[in-house]
Amino acid sequence: MSDRIFGAFGVFLALGYAYAALQIEESFLSDAVGPKAFPLIIATIFGLSSAVIFLRPDAEPHWPAFGRLAELAAAVVVMVLYAELLPEAGFVIATAFAAAYLSWRLGSTLIGAALTGVGTSVGIYVVFHLVLGLSLARGPLGF
Amino acid sequence: MELLSSLGDGFAVALTWQNLGLALLGCFLGTIMGALPGLGPSNGVAILIPLAFSLGLGATPALILLTSVYYGAMYGGRISSILLNIPGDEPAMMTCLDGYPMAQKGMAGEALAISGIASFVGSFLATWGLILLAPQLVKIALLFGPAEYFALFALAFMTLGGVSSTNQAKSAFAAALGLGLAMIGVDTQTGVPRFTFGEVHLYDGLDFLVAIVGLFALSEVFIFLEERHGAADAAGRKLTVGRLTPPAAMVKECTPTMLRSSFLGFLAGVLPGAGASLGSFISYSMEKRLVDRKGTFGKGDPRGVAAPEAGNNAAAGGALVPMLALGVPGSGTTAVLLAVLLSLNITPGPLLFANNPDVVWGLIAALFIANFMLLAMNIPMVGIFTRVLMVPPRILMPIVAMVSFVGIYGISGSTFDLLVMIGFGIMGWGLRKLDVPLVPIILGTLLGNAMENNLRRAITIDNGNWFTLIDSPLSIALWAFAILGFLLPIFVGRMVKMRMRQRGDAEGSVID
């Protein structure tokens, strides 16, 4: 079933891609092929392979239970928040929280997670910023 | 003799303190990454690319660092195969079959030592193979025009799925997805924006480094979050290594095996789409057939450890041949290395050897140096790496995730890129679940623009005649190989893959 949905989704994506390719504005100065042709070839392959996936699906993959999916969604939310807050909060603080969260969800105890978070964050800061001189996001506290 | 003098120049480039230091660092990190289950050569190199850039390394030093990681990961994969019966990366799967039984017999140290020597022999011979074969391939490649290059790219895509996927439709899907993503941005020839949907950030196109780190490294973190496995694997198991020198008789017994396996592995590496996993698989199968008269393979025969290790390390060197000489990588990790070269504004291919000989020969010399470093690291110092294996995923994976974020942010300093990377991470997770190979996606985003440019150049030169694509014998041959390479795995590949799975299942230890 997964492959059927995936294949059908792929076919629609290919149609959308082809439509978007047809919308590309041609410049008046163009080469013999133009900017549309290759994307249209790709859309064709994309659509054909999706159709084959739809018609001849593989065995069902092992999907996680709902709880695990929620777990993944939560991790994605944390990562997005991390990306957005990085310039605001500064590298060390944001990273400590994000790493601690991931470590906690991967099975650390709360104290272990906090230690992993702080350790990862300070460790990366020391190695990458202080030793290697990489510029990291600077927060209100200067780190 | 010209080769030797070029090689001498290469050593002059490689033997600076900075380059030696980078090679040492790369070998060390690479071995760790190879040894840790869940971090293979391609993610290992992917995570370190941003670092190489942010440090402002030149082309040669950056390549030396990253190829040392690549070679190191190939060495390191065997450590956890032997000690824990968990392959550290995919090519090391075959090493489990005889390595773990040896460890159970109390011969872990001998197994590590003989596999270390086999790895050395494999990659040492493969590096010579690279020196001898690559310049010949360059001579052929100089005959290529745009039409032939277009066919060559098609060949790379059509054969890449071969062994990495059982479903050719899915590898075609992946290639089209990658190529489609590469089209995003302003068209280089006419200057019109394509597929940008008015988003200014997309005018430059997607940065393929963002795609690579997201697809390889972040998706791995998601897989671990989903399964939360491995926490118990390493913990509570006592690792005793024992003596680290193999008896001379064992080395003697294994020598022919190593030589044969190196040769086969190198061939598997050079062929597009095969790569290191196939190298170790066919080496093991052939040795089993040739020398296993008493049925000791699978029960802890040292030759069963030497064969796959020599095979996969030789394949790693072989895979560099098409990447350097043609600009078309034959495996996942070499695709990632190609990304590095492209980002450094160096186009691999025949002209690389003419225009940047210092890069090519410096790299080759560094491979030799890295090889000796790895031999030294992997036999006497293997104890250090076995301790690293004790780091549980709940500590390791947050570090991987955070280093990925730091690397991408370090290059561009933009939140938008981080969000795109998370998007690729999710996509990578979903596609891995659906058994869609990720390497063609990466290759598509890397080569998409070059492929299109060659197509358009070829047709424009011939005044819009599309049949120019199959006008020369060379391009017809390339297309024939491409079609064969696409169709053959549908029949043969399924069988090989199934047998690989069966062997692995018999040992009860398959993780991807």
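Cut-off values and rules
Each chain has its residues counted from 1, running along the sequence as written. Each chain takes a letter, starting from A, and each ligand takes a number, starting from 1, following the order in which they are written. Since the coordinates come from a predicted model, pLDDT governs what is reported: local features require at least 70, and pairs of side-chain atoms require 80 or more to be given and counted, while whole-chain, interface and lining totals use all residues. Water and hydrogen atoms were dropped before computing side-chain values, which therefore reflect all heavy atoms in the structure. Comment: elements are numbered from the N terminus, with helices defined as DSSP H or I runs of at least four residues and strands as E runs of at least two. Only C-alpha atoms enter the radius of gyration, while the globule expectation follows 2.2 Å times N to the 0.38, with N the number of residues. Note on exposure labels: buried denotes an accessible area under 20% of the residue type's maximum, exposed denotes more than 50%, and partly exposed covers the range between, all computed with a 1.4 Å probe on protein chains only. Computed with a 1.4 Å probe, the accessible areas rest on the Shrake-Rupley method; for each residue, only the protein chains presented here act as cover. Charged residues are defined here as Lys and Arg on the positive side and Asp and Glu on the negative side; His and the ends of the chain fall outside this count. By convention, charge coordinates are those of NZ in Lys, CZ in Arg, CG in Asp, or CD in Glu. We call two residues in contact whenever any of their non-hydrogen atoms come within 4.5 Å of each other. Buried area, as used here, totals the accessible surface that two parts lose on assembly, with accessibility defined by a 1.4 Å probe and the loss added over both. In the sections that follow, a salt bridge refers to a side-chain nitrogen of Lys or Arg positioned within 4 Å of a carboxyl oxygen of Asp or Glu. Among buried residues, those of type Ala, Val, Leu, Ile, Met, Phe, Trp, Tyr and Cys that are joined through side-chain atoms within 4.5 Å constitute a nonpolar core. Source of the domain bounds: an automatic or database domain assignment. The axes used here are C-alpha line fits, helices contributing only the stretch in contact, and every angle between their N-to-C directions lies in the interval 0 to 180 degrees. Roughly parallel means an angle under 35 degrees; roughly antiparallel, over 145; roughly perpendicular, 65 to 115; everything else is oblique. Following the grouping adopted for this structure description, the nonpolar residues are Ala, Val, Leu, Ile, Met, Phe, Trp, Tyr, Cys and Pro, the charged ones are Asp, Glu, Lys and Arg, and the polar ones are all others, Gly among them.

Bringing the overall build of chain A into the picture now. Scanning chain A from N- to C-terminus turns up five helices and zero strands. For 143 residues, the compact-globule estimate of 2.2 N^0.38 gives 15 Å, and chain A exceeds it by more than 25% at 23 Å. Across the 143 residues in chain A, those meeting the buried criterion constitute 45%. Total accessible area computed for chain A in this model is approximately 7,600 Å², and 74% of it derives from carbon and sulfur atoms. In chain A, 6 positive and 9 negative side-chain charges are present, and the distance between their average locations comes to 9 Å.

On to the interface of chain B and chain A, then. The interface of chain B with chain A comprises 61 residues on the first partner and 66 residues on the second. The contact between chain B and chain A buries some 5,500 Å² in all, and 79% of this surface belongs to carbon and sulfur atoms. On inspection of chain B and its partner chain A, the count reaches two salt bridges. Note that Lys170(B) and Asp3(A) form a salt bridge whose closest N and O atoms lie 2.8 Å from each other.

Residues Phe91(A), Tyr70(B), Met402(B) and Phe405(B) are the most contacted members of the largest nonpolar core, which totals 205 residues. Residue contributions to this core reach at least three from each of two domains, namely domain 1 (2-55) and domain 2 (66-131) of chain A. In this structure Met402(B) touches Tyr82(A), Thr95(A), Ala98(A), Ala99(A), Leu102(A), Thr120(A) and Ile124(A), once residues within four positions along its chain are discounted. Judged by nonpolar contacts, the second largest core, of eight residues, contains Met94(B), Leu278(B), Phe281(B) and Phe297(B).

This part covers unusual backbone geometry. Residue and element names in this part refer to chain B. Of note, the phi angle at Phe195 is positive, near 55°, even though the residue is not glycine. Its place among the elements puts Phe195 in the loop between β2 (193-194) and α9 (208-227). Here Phe195 falls in the buried class, since its relative accessible area comes to 9%. Residue Asn345 is not a glycine yet carries a positive backbone phi of 65°. In this fold, Asn345 is placed in the loop between α14 (332-343) and α15 (350-355). Classification of Asn345 by relative accessible area gives exposed; the value is 72%.

Okay, the pattern of salt bridges next. Side-chain pairs of opposite charge can arise where the charged atoms are in close proximity. Taken as a whole and judged by the stated rule, the model has 13 salt bridges over all chains. Note that Arg105(A) is salt-bridged to Glu71(A), the shortest N-O span being 2.6 Å. With Arg105(A) in helix α4 (residues 91-105) and Glu71(A) in helix α3 (residues 66-89), this pair connects stretches of sequence that are 34 residues apart. For the pair shown, Arg105(A) and Glu71(A) are each scored as buried. For Arg456(B), the salt bridge is made with Glu452(B), and the minimal N-O distance between the two is 2.9 Å. With Arg456(B) and Glu452(B) both in helix α20 (residues 439-461) and four residues apart, this pair spans about one turn of that helix. The class of Arg456(B) is buried, set by a relative accessible area of 0%.

All names here are of chain B. Two elements in contact, helix α6 (residues 108-141) and helix α16 (residues 357-378), have axes separated by 10 Å at closest approach and are oriented at 170°. By the angle between their axes, α6 is roughly antiparallel relative to α16. Along the contact surface, α6 presents Gly116, Ile117, Phe120, Ser123, Phe124, Thr127, Trp128, Leu130 and Ile131, while α16 presents Trp361, Ile364, Leu367, Phe368, Asn371, Phe372 and Leu375. Looking at the contact of α6 with α16, its residues break down into twelve nonpolar, four polar and no charged.

On to the environment of Leu202(B), then. All names here are of chain B. Structurally, Leu202 can be placed in the loop between β2 and α9. Leu202 sits 97 residues away from Lys105 along the chain, and the two C-alpha atoms are 58 Å apart. Residues contacting Leu202, with those up to four places away along its chain left out, are Ile184, Gly185, Phe195, Thr196 and Phe416.

With that settled, consider the domain arrangement of chain A. Segmenting chain A into domains produces domain 1 (2-55) and domain 2 (66-131). Computed from C-alpha atoms alone, the centre-to-centre distance between domain 1 of chain A and domain 2 of chain A is 38 Å.

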